[in-house]
Each structure stands twice: as C-alpha cells, then as structure tokens.
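# Understanding the architecture of this molecule
Here is how the chains run, residue by residue.
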Amino acid sequence: MEALLARTFSKTAGLLAVAILFVLLFLSSIAFGQTPISPTTVMDAFIRYDPASTDHIIITTTRVSRAVIAAVIGSSLAVAGAFMQALTRNPLASPSTFGINAGAMFCIVLSVTFFSVTSLEHYMWIAFLGAGLAAVLVYFLGSLGNDGLSPIKIVLAGAAISALFSSFTQGMLVLSEQNLESVLFWLAGSVSGRTLDMLEPLWPVMAGAGIAAFWLGGSVNLLALGDDIAKGLGQRTILVKTLMALIVVVLAGGSVAIGGSIGFIGLIVPHMVRSLVGTDHRWIVPYCAFMGAGLLLLADIAARFVIMPREMPIGVMTALFGAPFFIYLARKGVHK
Amino acid sequence: MTNRHITVRNRSGTVSFLWEKRAIVILLSLVAITSVCFIAGLSIGSTMISPVAVVKYLLGADDGEHQFIIGTHRLPRMILSLLVGAALGLSGLLLQGIVRNPLASPDIIGITGGASVAAIAYIAYFSETAGIKWLPFASILGAAIVSTAIYALSWNRGVTPYRLVLIGMGMAAATGALTMMMIVLSNTDVAAKAYIWMTGSVYGATWGQVYAMLSWLVVFVPLALLLNRVVNVQELGDDVAAGLGARVQWQRLGMIGISVALAGAAVAFAGAIGFVGLMAPHMARKLAGRSYAVLVPVTAIIGGLLVCSADVVARTAFLPLDIPAGVFTAGIGAPFFIYLLFRSRKPSR
Amino acid sequence: MHELKTNQLTLSYGEKTVIRELNLQIPQGKITVFIGSNGCGKSTLLRSLARLLRPAEGAVILDGRELAKWSTKEVAKRLAVLPQGPVAPEGLTVFQLVKQGRYPHQNWLRQWSQEDERMVTKALEATRMLPYADRPVDSLSGGQRQRAWIAMVLAQGTDVLLLDEPTTYLDMTHQIEILDLLFELNEKERRTIVMVLHDLNLACRYAHHIVAVHDGTVYDQGKPEDVMTAEMVEAVFQLRCQVIKDPLFGTPLFIPHGKGRIIDEQRNAVSVSTG
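Residues numbered from 1 in each chain as written. Chains lettered and ligands numbered in written order. Predicted model: local features only at pLDDT ≥ 70, side-chain atom pairs only at ≥ 80, totals over all residues.

Here we come to the confidence of the model for chain C. The predicted model of chain C has a mean per-residue pLDDT of 87, with 96% of residues at 70 or higher. Scoring of the predicted complex yields 0.79 for pTM and 0.78 for ipTM. (pLDDT = per-residue confidence, 0-100.)

Encoded structure:
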C-alpha cells in the first residue's frame, strides 16, 4: 500500500490537520448533546465561567469530562492497536479481537463480585492484570500445534479467549444479580457518566505509556523487519517486545477500566493511519493518537443523537461501524 | 496392515467398513459414563431422589410418586440438554473441519450471533403479541440468514477458510452490537429475559421441545455422518482434496449448511450456550484421534455430557437459585480444555 | 494408458498471462520434468494439468475429452496430484493419510474394500513406510513425510502422477530417495510421471522428457541429452554453464560459471576453467 503522504513535509502538514480536526471534534463533543449549546457559550464557559449558568455547569461537569475521557480512551486504544499489529505482525490484531478487553473486563467483574473491590485505582491494576493474562493466553493458545504462530491461529485463539472470558463475565453477572441495565451499559462500552476524577489515578500511567510508545517508534520499525534481522542488527528484541506488550496492556487495560469494552477503534484507526503515512511508527503513533481520539469523539457524538432521547452505548456504535469496515478489509484480502 | 483396526465386510464386498478398535472402546466407555451421569443427575436436586427409584422410573416400574419431579421437570430438561449439547458439539466439529483449525466454533464464527439477534428481536418486539411459541423458528431463521450473508460475503471464486473465519468474526461483532443495542433499548423485563437467553438456559424444558429437537437431530446427524469421508479428505487441504476427486466447494457448502442447522436449532431451544461447540470437538479429538466417522458420535456424547452436567451443577450448586446452564459450560469445560491443550504442547518446527 | 495434452492453453493470474496458447503433449509411460526459472509458470502449468487451475482460454485434454468436462471423481481415478508443501492435520497417522488416497474409488457404503486394502498395503510397501504406518505424519522427518504423501498418491492407483516440486526443502539424501522411488515406479509399473524440479542435474538424470518453460511458452522439449545445452540454459535461466557428461549416468551435468575457489590441476583430478 502506497502511503498517501510520502514526504516529511506532507506528513507534518497532515499531522497538523489531524490535530486541528481533533480539536474541532473535541469542541463539538462539548457543544452537541441533548441540551444544545452554542459554540460561543462553550468559549464563554472556559473564558468567563459563570457558576449560575446551567449551560456552563453542563459544559464543565459532564461534557468536558466526557470529551476528555473519550479522547483519552480513543487515542489509547488506537495506539495499543497499532502496537499489537506490529507485535504480532497481524493486521487484524486489536485489543478487542484478541480478548484483551474481555480479559480486563473479566478480572474487574471478578474482583467486584467476589472481592467487593470498589476503588477505581484498584480497578486500574486489576484491568492491567486481566489484559496481561488474556494476552499471554492468546499467545500461548495460538502457538500450540506444530506450525507455530500463524495469523489464522492467533485470530481464532483471540476469539476463543475472548469468548471464554466473556462467558465467565456474563456468568458472574448473572450470579451476582447486579442491576442489569447499568452493568450492561458498561459491558457494552460507555463514556457517559464518567467523571474526570475517574481518570486521575490512571492518567499518569497511561500518559507514560503513550510517551513510551512514541519513543519506541524507531525500535518498532526495526522489529518489523523480522526478529532475526533485528537481532542481527543489534536490537534487544526481547526487551522491545516486552515493552511493547506492557504498553499495550496498560493502554488497553486502562481504557477498559474507565469505559468498558470498546472495540474496533484499535483495529480500524491503525489501518487508516497506515494508508496515510506508511509504516514508520514514529509517525504512526501520533497520528493514531489524534485520529483515535477524534474517531471516538465522533462516535460519541453520534451515540448521543442516533436514538434521542436515549443514548446508545459507545461500544455498540463502534461495533456497528467497525464491523462492516472489518468485513471490507477481510474481503479485500488483508492477509492471505 | 496395522492391527488397530477391525474390518467389516459383507460377502459380496458391496458393503465394507474399517473401524478403529480404540474408538469403539472409547465410545462404549462414554456411553457408560453418560448413563451414570444421567441417572445421578436425575437423582439430585432440591428434592433428592434415590438412584434406585430413578432407575425404576426409567424402566416404567414407578408408582407415580416421582412423576412430577422426574417426568415433568428433570427428565425433559436433562434430555434436552443432552440433545442441545450434541448438536452444538457436532456443529463445532463440522466447522473445525471446514476451517481446518481446532479453534473455530459456531459462536466465534457468528452463527450463534445471528440466532441471538433474531431471538432477541423476537423477544423484544413480538413475544408480547405472538407468545413464546415461535421463538425457535425466529432463532433458526436468524442463524440461516446471517450464515448465508457470511457465506456470500466470503465468496470470491470460492470460499477459503481464512476469509470465512474473518468475515464470521466481523458478523459476530456486528450482530453482538445489534443485540446489545436492542437489549439496552428495551424495558427491564425484556432485558432480563434476553440476558438469560444470551447466557443459555434449559430451564422450563418441555417434552414438546425435546421431541422437536430430537426430530431435527434425527435428520441432521445422519447427514453429518454421511459426510465423514468428505471431512477427512477436506482436512488435507483444498488442492489435495480436489486432486482426490472431492468437489470441494459444494461439499463445503453442505458442511456449513448442516453446521448452521444444528447450531441454530440448539440455540433456538437453549439460548446462546457458549463454548460447547469449541470444546467438545477438541476433547473428542484428544480422546479418539482424527477419523471423522468416530469423532461424530464421540463429539455428540461429549457435547451432551458437557451441557447436561453444566445444567445439573447450575440448578443444584446455588440452591434455591436455578442458574442458567450457560454460566457453567465454560466453567466446567475450560479447565479441562486447557489441560488437554497443555498436554499436547509440541515445539514448533 | 491415459493421454494428457493441452490445446491452445492460456493461463493467467488476474491480469497477468502466465502461459500463452500452449500445445503440449505429455509422453505416456515416461517421466517428464518441467524446468524453468522462478515465476516462469511451470508450477502453474502443472496445476492446470491437475485441474487445480481453470484455463483462461484453451483446454487441457484427457483421453480426448476436455478436462473441465470430466467429473472430478473420474479425473481423480486417472490423475493423481501432489501439490507443493502439503500439510497433514495434526496427529494424523501415516496409515490414515495413505487411506485417503482411495477416496475416488470409495462411496459411503463401501469404505474399505479388499482392493482398497491391497492398494494401501502396496503403496506402503513401495515407499517402505509400512513400519511407520501408525506413526503421526507430523512426527516424521522431511523425507519420510514426503514418502507418506507419495504413498497416498500411489494408493490412488492412477496411471498419471503429477508432482509439484516434490523434492524442494529436502536434503540431498532425501531428494535422491524420492526421485529413486519415482524412477522405480515408472520402470516397474509404467506410470506416467510429470514433475516440476529445480535442480537441472537431477532433472537430466531422471527425466525421459524435459520441458523448458520460458516466457509464457515452451522454449524447447525433448530428451535431456538432446535439449539440455549450455545455450539453452543461458537463454532460459540467464546462466552461463559448462556442460559435461555425468561420470555415473552419462546424462548432461551442468556446472555454472561464476565465483569460487579454483584448485590447481596438481591437487585435483578434475580441472575446471572459469570464464
């Protein structure tokens, strides 16, 4: 696939354009919603905040936090997806198709049901644990048999582990007779009703992972040439791979801890980015961050309007758009 | 010639079969185990009944004392769970033969998803007016429509296993999202019913359902058996199979069709019980080898055992709660499954 | 004996035409080897003969009738094909694999006739795989595995065997093992064998008839000693060679020009001049 933006100049210009698009979507996310708020009011809320105005309150409490969280989750998932696809050399890898989301969910529900964990900070670490567990299991399951780690085996292993964890999760939910609706909403992936303090324990770790991802870009490029070649050129492949895996676990696990299981962003955005800027990960990471955030914000805006006055869980939205795209990719013959 | 086999031939040579000795042994043992579990399962519950009384009932020598508990409640439920498990296991076996990968199953490939969408749509929008009676048909129809879509979308001068898997997964995600959407949009009562359906349950099984499922299986299981040579040959690869004279695309379509029919019916009566279609064939293969003719009955029995025991555990482990069986199919099967996989670990060449 | 030939055969992958309007006759009862550089279409040609690839134009003719008009099973009773790099399912035993070769002769009621048993035993004996019959195919060495697959193809009991690169990825011992086996089969049972080989020297040694595929058509064909010349090799492979007679078999032996250590005459019996 030829990259659309081949020269460094066009890549930088593109990045700038994408960043601006992201800001616009961010602001739109704040402006649009059940209660229409004009753009000027939005600016006012930031510049001349009036505690008595309901609009301003809506903006600063719910809308901003929602937009920020959507942006964080979107960019995290996109970067995690890009790294997964690079790590497994499989263009169909993503946190949702590989059971990573399901694993994180499972551990969280497990801890809530049996250990009555409620602290969000604990959720975070538990989600990391679950994500890591799922990743290890998928890798293990996919390499069984005598022809090693082939793309189809990894895809199926991911689906199998995902199904396994989902059914366990469902079972626990049924057993504990939780309030079905709120749980379902969370299971399906949602960014509504999330406040910024939920982000607090998570954001340093996730920001760190994001920065590490950008910094690793060059190493990832080298690794993409093949383990043996990279080792021959002096790279410590095991270290790089472990770091990549950790970054994926942190970013994906963190996203699940806040927003539930949101799929397809990690799958689609890296593909779109790669068709724009090619395979240099030093560009892929920032592009993914902005486009992932932008896409999820877009999905969130749509989720608010599609079935007014009710809201669609954002995970449903991403699946409804992501699935056809995935099918299109599969038909085109992404991988033999 | 190897001495692992028994040859069965009639005088004129028009009928001949080759059977593996080990397979026969395994089959007989499984039948014995299932019978024991069956009787045990009928005995335990909120009211304990002695196994002797159970056997007497089954032989028709009962004096009506246990008619209600066994005859109306437990027996149909246990038989249905055996049949559902068998159907799911066979469906998974066929799919794994098509995809040539032991990790394929009806739920992963989107067949169950299609059935779910239709079933939940039915529960949400039609059950009030039309009653629960037509739910199985809606479910099978949903499975058929979605599977046709998957097959059509995978067609590009033929259907390759890889494409089938990918598109199946995409469809599974799409149908999952649609289903979630419907559940979220509906009222709490419907949501609860839908959720139980999605987990999979044989609660409230009736004799009517048992007969329906049985007649369905009577048609499709022999069809699956008839395909045994076909599946063996397809596993060698499209090129080799075509070279041996197999009409690969047509046979593949047939296998998919039977797989969908079996999964659709199972899901219709018991909801989206997950994982049996994945585990049962694999466990069967570890026990009985690769000859498909043997795998069909062995998978069916193992699948039936899985669902049946999951249901028994589900309705007794948390008394007085009657939990959906689907909660435990993964719980019972998964450790076993992982153990079997672990044992067969080989270094990759 | 079955007659296999092509008539104005055109094969293409997507837009690219690989073989153009080819008329080729496969000699009956002999070993024919397709040679050519990578990507020249020799495998494609073999696959079309095996009915694994549909012609864009023209046809493959089997016994006077177009291949596409035969039923798949009827073709399978006359032609057997061993594709490149076949993979056996995990855990399948040699016996189970070879048994599959009888597929075109069986139906659902008749799954193990006496004839089936006899052919499978014969195939296992011919390939000397009888002691391995109950071993899983994936636990065997490369050479043994290939012998197992050849046994399967033998059990099919066809007059014509088509093999796509049966010796690639095998070490020299196993290459010779396989080729010797095929040569014996041809000698004893007069089976027509068509295969794609990379090694020119082995091709010359074993083939009765060589077909050099180049530029979408057949550059030359015939007996190796007639057809295989240094000029031909240079045209087809862009490789300059010196040709001598193989000291053991008398067939053409090609020694490519290029770099390498030159041992002087006093230390080596064979003198080689470079170009």
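Counting residues in each nonpolar core, the largest one holds 307 residues, and the members touching the most others are A:Phe83, A:Ala127, A:Ala160, A:Cys288, B:Val84, C:Val98 and C:Leu162. Setting aside residues no more than four positions away along its own chain, C:Val98 makes contact with C:Val120, C:Ala123, C:Leu124, C:Ala148, C:Ala151, C:Met152 and C:Ala155. (Core = buried A, V, L, I, M, F, W, Y, C linked by C-beta atoms within 7 Å. Buried ≥ 20, exposed ≤ 12 C-beta atoms within 10 Å, placed from the backbone. Contact = placed C-beta atoms within 7 Å.)

Moving on to the environment of C:Asn38. As for its placement among the helices and strands, C:Asn38 is situated in the loop between β3 (31-35) and α1 (42-49). Each C-alpha atom of the pair C:Asn38 and C:His214 lies 9.9 Å from the other, and the pair is 176 residues apart in sequence. (Helix = DSSP H or I, 4+ residues; strand = E, 2+ residues; numbered from the N terminus.)

Taking 1.5 Å per residue as the helical rise, helix α13 (residues 292-316) of chain B with its 25 residues ought to reach 36 Å, and the 36 Å between its terminal C-alpha atoms agrees with that figure. Counting buried positions along α13(B) gives 22 out of 25 residues, so the element sits mostly inside the fold. (Expected span 1.5 Å × (residues − 1).)

Residues and elements named next belong to chain C. A positive phi angle is found at Arg 51, which is not glycine, with a value near 70°. Note on placement: Arg 51 falls in the loop between α1 and β4 (57-62). Although it is not a glycine, Arg 190 adopts a positive phi angle of roughly 55°. Look at Arg 190 and you get exposed, because 12 C-beta atoms sit within 10 Å.

This part covers the sheet that holds strand β9 (residues 209-214) of chain C. Residues and elements named next belong to chain C. As summarised here, the arrangement of the six strands in space is β6-β7-β8-β3-β9-β10, forming an open sheet in which the pairing is mixed. Looking along the sheet, the strands with just one partner apiece sit at the ends: β6 (79-82) and β10 (217-222). Each strand of the sheet is rotated relative to its neighbour by a mean of 15°, with strand direction disregarded. Pairing between β6 and strand β7 (residues 160-164): four bridges, direction parallel. (Pairing = 2+ DSSP bridges. Axes fitted to C-alpha atoms, helices over the stretch in contact; angles between N-to-C directions.)

Residue and element names in this part refer to chain C. Across seven bridges, the pairing between strand β1 (residues 4-13) and strand β2 (residues 16-26) is antiparallel. The partner of Leu 4 across the bridge, within β2, is Ile 26. Where β1 folds back on β2, the antiparallel hairpin that results is connected by two residues, among which Gly 14 adopts a positive phi of roughly 65°. Examined bridge by bridge, β1 and β4 share five bridges and lie antiparallel to one another. Directly across from Thr 10, in β4, lies its bridge partner Glu 57.

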